[in-house]
Amino acid sequence: FQAEDGIRDTSVTGVQTCALTISAPAPRAPFRPTTATVIAAALTGLTLLILAFGGFLLGVTKLSAARQQDLLYTSISRDLDQATVPVSGAIPTGTPLGIIAIPSIGVEQVFVEGSASEQTAIGPGLRHDSSLPGQEGLSVLVGRRTTFGAPFAHLDRLAPGDTITVTTGQGVFTYTVDLVRTSDAKATQIRQVASRLTLVTSDPAFTPSRTLTVSAVLQGKAQPRATGTATVAADAPGQGSSGHLVALLLWSQLLLVVAVAVTWVALRRPGRALWIGAAPVLLALLWNVFSNLAYLLPNTL
């Protein structure tokens, strides 16, 4: 330092030194799940899957059925205007055939050929072995009570005297309800008529143990019968579709493999980026599992 009087002071006073020591954090011990942890996680995961499937059946399938009905209504309206709706012969499964309207319970649905789970998932289905509504003989429409939009949810509110209107390629036909009964009710004599329409669904709504049937008589003259072919087992009310078992098994296995792989990576390299990438894949797989599983349930549920 240079003093004011010109004398150089070479001494340095009041200087202190200190050392800051930063220790590295101890390495984290690897996660080792116990048997109890694994069981708890499995039970929690199973519960969440059951709840998710319930939400899928009551919510997602309703939106899906509504979308399908919009598409079917557009198709049947065009075909009715052009008089191209099939009314005779062997009709391909899934073909839209007409519109059923039940004013007293607010139902207006496009119905299709066939009544297996795949068909009742988009609307009421006409059994292959029954005649087209408006024609001579028995016409049987099978519909859902709880899932996929539940078009027959309030079928139990119908009473003798209520009207049902059916529009097909042969015109508009009006039926009058004369019988509402469950499958475990006392046997009832049914009046023989030229044309009868029967609506079938499950009962009760959420825990079905029987079928609910509404039968109605055609008002006016029936057209000659020109439809009706051999039926299949899946057409019967209360039956599921076994054709999706293989697909369900494959999608379930793929979901399990991906879920185990994602969990293994997450335990060793936790991070938000992993879940951002894995979540859409898991949801897509879960969607396919739920979709195939839903077809195994009764076609009237």
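Residues numbered from 1 in each chain as written. Predicted model: local features only at pLDDT ≥ 70, side-chain atom pairs only at ≥ 80, totals over all residues. Heavy atoms only, no water.

## Quick notes on the overall build of the chain
Each helix and strand counted, the chain has four helices and eight strands in total. For the chain, the α and β elements follow one another from N to C terminus as α-β-β-α-β-β-β-β-β-β-α-α. Burial status across the chain gives 36% buried among its 301 residues. Considering only contacts within the chain whose residues lie at least 6 apart along the sequence, 64% involve residues at least 24 apart. A total accessible area of about 17400 Å² is found for the chain, and carbon and sulfur atoms account for 62% of it. (Helix = DSSP H or I, 4+ residues; strand = E, 2+ residues; numbered from the N terminus. Buried < 20%, exposed > 50% of the residue type's maximum accessible area, 1.4 Å probe, protein only. Contact = heavy atoms within 4.5 Å. Areas by Shrake-Rupley, 256 points an atom, 1.4 Å probe, with all protein chains shown as cover.)

## Digging into the pattern of salt bridges
The final tally for this structure, using the stated rule, is seven salt bridges. Between Asp 203 and Arg 145 there is a salt bridge whose closest N-O contact spans 2.9 Å. Here Arg 145 lies in the loop between β4 (137-142) and β5 (163-168) and Asp 203 lies in strand β7 (residues 195-203), a separation of 58 residues in the sequence. With a shortest N-O distance of 3.0 Å, Arg 196 and Asp 178 are connected by a salt bridge. Of this pair, Arg 196 sits in strand β7 while Asp 178 sits in strand β6 (residues 171-182), and the two are 18 residues apart along the sequence. Connected through shared salt-bridge partners, Arg 145, Asp 156, Asp 184, Asp 203 and Arg 210 make up one network. (Salt bridge = Lys/Arg side-chain N within 4 Å of Asp/Glu carboxyl O.)

## Let's talk about helix α3 (residues 245-268)
With 24 residues, α3 ought to run about 34 Å at 1.5 Å a step, and its terminal C-alpha atoms sit 35 Å apart, in line with that. Inspection of α3 places Leu 248, Leu 255, Val 258, Val 262 and Ala 266 among the buried residues, and these make up the whole buried set. (Expected span 1.5 Å × (residues − 1).)

## A word on the side chain of Ser 117
Relative to the helices and strands, Ser 117 is located in helix α2 (residues 117-120). In contact with Ser 117, other than residues within four places in its own chain, are Arg 144, Gln 239, Gly 240, Ser 241, Tyr 295, Leu 297, Pro 298 and Asn 299.

## Section: the confidence of the model for the chain
Per-residue confidence for the chain gives a mean pLDDT of 86, with 87% of residues at or over 70. Every residue in residues 10-15 scores below 50 in pLDDT, and together they form two contacts with partners more than four places removed in sequence or on other chains. (pLDDT = per-residue confidence, 0-100.)

## A look at the pairing of β6
Examined bridge by bridge, β5 and β6 share six bridges and lie antiparallel to one another. Residue pairing across strands places Thr 165 opposite Thr 174, the latter belonging to β6. Hairpin connection of β5 to β6: two residues between the antiparallel strands. Sheet topology places β6 next to strand β8 (residues 210-219); eight bridges connect them, and they run antiparallel. Along β8, the bridge assignment pairs Arg 181 with Thr 213. (Pairing = 2+ DSSP bridges.)

## Things to note about unusual backbone geometry
Cis geometry is adopted by the peptide bond preceding Pro 204, which originates at Asp 203 and carries an omega value of -10°. By secondary structure assignment, the location of Pro 204 is in the loop between β7 and β8. Of note in the backbone geometry, Phe 148 takes a positive phi value of approximately 50° without being a glycine. Topologically, Phe 148 is positioned in the loop between β4 and β5. For Ala 150, which is not glycine, the phi dihedral falls at a positive 45°.

## Looking at the environment of Thr 165
You can see Thr 165 is positioned in strand β5. C-alpha separation for the pair Thr 165 and Gly 134, spaced 31 residues apart in sequence, amounts to 9.9 Å. In contact with Thr 165, not counting residues within four places along its chain, are Ile 99, Ile 100, Ala 101, Val 172, Phe 173 and Thr 174.

## Considerations on the pairing of strand β1 (residues 96-102)
Burial analysis of β1 places six of its seven residues in the buried class, which makes it a mostly covered element. Two strands pair when backbone bridges link them, and β1 and strand β2 (residues 107-113) are joined in this way by six bridges, in the antiparallel orientation. Residue pairing in the sheet places Ile 102 in a bridge with Val 107 of β2. Linking two consecutive strands that pair antiparallel, namely β1 and β2, is a turn of four residues; a positive phi of about 70° is found at Gly 106 within it.

## Side note on the packing of aromatic side chains
One pass over the full model with this rule turns up five aromatic pairs. Centroid distance Phe 53 to Phe 290: 5.1 Å. Interplanar angle 55°. Geometry classified as tilted. Of this pair, Phe 53 sits in helix α1 (residues 35-82) while Phe 290 sits in helix α4 (residues 272-296), and the two are 237 residues apart along the sequence. For the pair shown, Phe 53 and Phe 290 are each scored as buried. (Phe/Tyr/Trp six-rings, centres within 6.5 Å; stacked < 30°, edge-to-face > 60°.)

## A short note on the nonpolar core
Soluble globular proteins tend to bury their nonpolar side chains together. Counting 25 residues, the largest nonpolar core has Ile 100, Ile 102, Phe 111, Leu 155, Ile 164, Tyr 175 and Leu 199 as its most contacted members. Among the secondary structure elements, those contributing two or more residues to this core are β1, β2, β5, β6, β7 and β8. Counting residues per element, this core draws most heavily on β8, which supplies four residues. Setting aside anything within four residues of it in sequence, one finds Ile 100 in contact with Val 107, Glu 108, Gln 109, Phe 111, Leu 141, Ile 164, Thr 165, Val 166 and Leu 199. Within the second largest apolar cluster, 16 residues are counted, among which are Phe 53, Leu 57, Val 258 and Val 262. (Core = buried A, V, L, I, M, F, W, Y, C linked by side-chain atoms within 4.5 Å.)

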